[in-house]
Amino acid sequence: GVRVSELVSLKPEDVDVEGGLVHVIKGKGSKDRNVPLTQAASEAVALYLQKRGKTAAHSARLFCDERGALKPRHVSRIVKRCAQAARIPKRITPHVFRHTVATHLLRNGADIRQIQVFLGHASIMSTERYTRVELSDLRRVVEKAHPRGARA
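The structure presented is a predicted model; accordingly, all values stated were derived computationally and were not measured.

S.K.: Let's hear about the overall build of the chain: which residues, and what values?
M.R.: Counting its regular elements, the chain contains seven helices and five strands. Along the chain, helices and strands appear, N-terminal first, in the series α-β-β-β-α-β-β-α-α-α-α-α. Scored against the burial criterion, the 152 residues of the chain give a buried share of 30%. For the chain, restricting intrachain contacts to residue pairs at least 6 apart in sequence, the fraction spanning at least 24 positions comes to 42%. Counting every atom, the chain has about 10800 Å² of accessible surface; 56% of that belongs to carbon and sulfur.

Given below as structure tokens:
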């Protein structure tokens, strides 16, 4: 759920693998926030840090290659190559992952305000654009939450 600019700015000390937390320092609007990591993400970052080895000498950033810190365009190329390798016909960008995280959180019961904080939005209106609510989702909510929603 982090912005690609925030991702490439991360330093190893910004990630608490054991606590499952990423400290985004000076995100958009120069705001700091904490973003929780799933267990799988924590394990992946821990493994990455172990294997990172020699590349670490070239950069103080968490994500780097043999030339140094990754830049947003490098991340975009990596995502594009992975999408092509997976034969995904749609145009996939790092920002698509942000939208997807917001949509999954919403579909699984997260409150829009929680998603706003998670994504680091100053305005709830920004968050609403990220959460594409489908008719099937609305129908499920009505059936579950409305007193007369359950079909007899």
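S.K.: Which residues make up a positive patch on the surface, and what values go with them?
M.R.: There is a patch of like positive charges on the surface, built from Lys 71, Arg 73, Arg 77 and Arg 81. Position of Arg 77 relative to the elements: it lies in helix H3 (residues 72–85).

S.K.: Account for the pattern of salt bridges, naming residues and giving values.
M.R.: The final tally for this structure, using the stated rule, is three salt bridges. Where Glu 6 meets Arg 3, a salt bridge forms, and the shortest distance between an N and an O atom there is 2.7 Å. Residue Glu 6 pairs with Arg 33 through a salt bridge whose shortest N-O separation is 2.9 Å. Of this pair, Glu 6 sits in helix H1 (residues 4–9) while Arg 33 sits in strand S3 (residues 33–36), placing them 27 residues apart in sequence. In terms of burial, Glu 6 and Arg 33 fall into one category: buried. Taken together, the shared-partner salt bridges connect Arg 3, Glu 6 and Arg 33 into one network.

S.K.: So what's going on with the pairing of strand S2 (residues 21–24)? Which residues, and what values?
M.R.: Only one face of S2 is buried, namely the one carrying Val 22 and Val 24, since none of Leu 21 and His 23 on the opposite face is buried. Direction of pairing for strand S1 (residues 15–16) relative to S2: antiparallel, over a ladder of two bridges. Opposite Val 15, over in S2, you have Val 22 as the bridge partner. Here S1 folds back onto S2, and the loop between the two strands holds four residues, one of which, Gly 20, carries a positive phi near 65°. Strand direction decides the pairing type here: S2 and S3, joined by four bridges, are antiparallel. Among the inter-strand pairings, His 23 is bridged to a residue of S3, identified as Asn 34.

S.K.: An account of the sheet that holds S2 is requested, with residue identities and associated values reported.
M.R.: Sheet architecture is open: three strands sit in the order S1-S2-S3, paired in antiparallel fashion. The open sheet is flanked by S1 and S3, the only strands paired with a single partner.

S.K.: Which residues make up the packing of aromatic side chains, and what are the values?
M.R.: Enumeration according to the criterion identifies one aromatic pair in this entry. Look at Tyr 48 and Phe 63: their rings are 5.2 Å apart centre to centre, the planes differ by 40°, and that puts the pair in the tilted class. Of this pair, Tyr 48 sits in helix H2 (residues 39–52) while Phe 63 is found in the loop between H2 and strand S4 (64–65), placing the two residues 15 residues apart along the sequence. The exposure class of Tyr 48 is partly exposed, given its relative accessible area of 25%. For Phe 63, a relative accessible area of 21% translates into the label partly exposed.

Rules and cut-offs
Residues numbered from 1 in each chain as written. Predicted model: local features only at pLDDT ≥ 70, side-chain atom pairs only at ≥ 80, totals over all residues. Heavy atoms only, no water. Helix = DSSP H or I, 4+ residues; strand = E, 2+ residues; numbered from the N terminus. Buried < 20%, exposed > 50% of the residue type's maximum accessible area, 1.4 Å probe, protein only. Contact = heavy atoms within 4.5 Å. Areas by Shrake-Rupley, 256 points an atom, 1.4 Å probe, with all protein chains shown as cover. Patch = residues over 30% accessible without salt bridge, like charges linked within 9 Å, V, L, I, M, F, W, Y side chains within 5 Å. Salt bridge = Lys/Arg side-chain N within 4 Å of Asp/Glu carboxyl O. Lys, Arg positive; Asp, Glu negative; His and termini not counted. Charge placed at Lys NZ, Arg CZ, Asp CG, Glu CD. Pairing = 2+ DSSP bridges. Phe/Tyr/Trp six-rings, centres within 6.5 Å; stacked < 30°, edge-to-face > 60°.

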